[in-house]
Amino acid sequence: MRYTQASPARAASAVYVTLTAQILSLGALVSFELSRGRRLAAELAAFGGRPQGPTPRPWWGR
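## Here's the deal with the overall build of the protein chain
No. 1: Broken down by element type, the protein chain carries one helix and zero strands.
No. 2: Looking at the protein chain as a whole, 0% of its 62 residues are labelled buried.

Below you can see the structure in the form of structure tokens.
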């Protein structure tokens, strides 16, 4: 079986489809974060704000 290379037009179409899918998914993520993020911030504020965890240590020293 002989290997044939894909045409440049077909490869370019695949790149455009992939780029479009990434842009659409980023738009969906941004809209989700805008809508859910505000409600989540309000819910956390109702409980007294950000939950406290262990304090982070600086990476440059102990």
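Text resumes after the structure shown.
## Notes on the pattern of salt bridges
No. 1: Taken as a whole and assessed by the stated rule, the structure comprises one salt bridge.
No. 2: Note that Arg36 is salt-bridged to Glu43, the shortest N-O span being 3.5 Å.
No. 3: Looking at Glu43, the relative accessible area reads 39%, which means it is partly exposed.

## So, helix 1 (residues 8-46)
No. 1: In this model, helix 1 (39 residues) spans 56 Å end to end at C-alpha, consistent with the 57 Å of a helix rising 1.5 Å per residue.
No. 2: Arg36 marks the point of greatest bend in helix 1, at about 30°.
No. 3: Looking one or two residues past helix 1, Gly48 carries a phi angle of roughly 105°, positive in sign.

## Points about a nonpolar patch on the surface
No. 1: Nonpolar side chains collect at one region of the surface, where Leu26, Leu29, Val30, Phe32 and Leu34 lie side by side and expose about 470 Å² of accessible area between them.
No. 2: Note on placement: Val30 falls in helix 1.

The rules behind these values
- Residues numbered from 1 in each chain as written.
- Predicted model: local features only at pLDDT ≥ 70, side-chain atom pairs only at ≥ 80, totals over all residues.
- Heavy atoms only, no water.
- Helix = DSSP H or I, 4+ residues; strand = E, 2+ residues; numbered from the N terminus.
- Buried < 20%, exposed > 50% of the residue type's maximum accessible area, 1.4 Å probe, protein only.
- Salt bridge = Lys/Arg side-chain N within 4 Å of Asp/Glu carboxyl O.
- Expected span 1.5 Å × (residues − 1).
- Bend = angle between axes of the 7 residues up to and from the residue.
- Patch = residues over 30% accessible without salt bridge, like charges linked within 9 Å, V, L, I, M, F, W, Y side chains within 5 Å.
- Areas by Shrake-Rupley, 256 points an atom, 1.4 Å probe, with all protein chains shown as cover.

That's the geometry; what it means functionally is another story.
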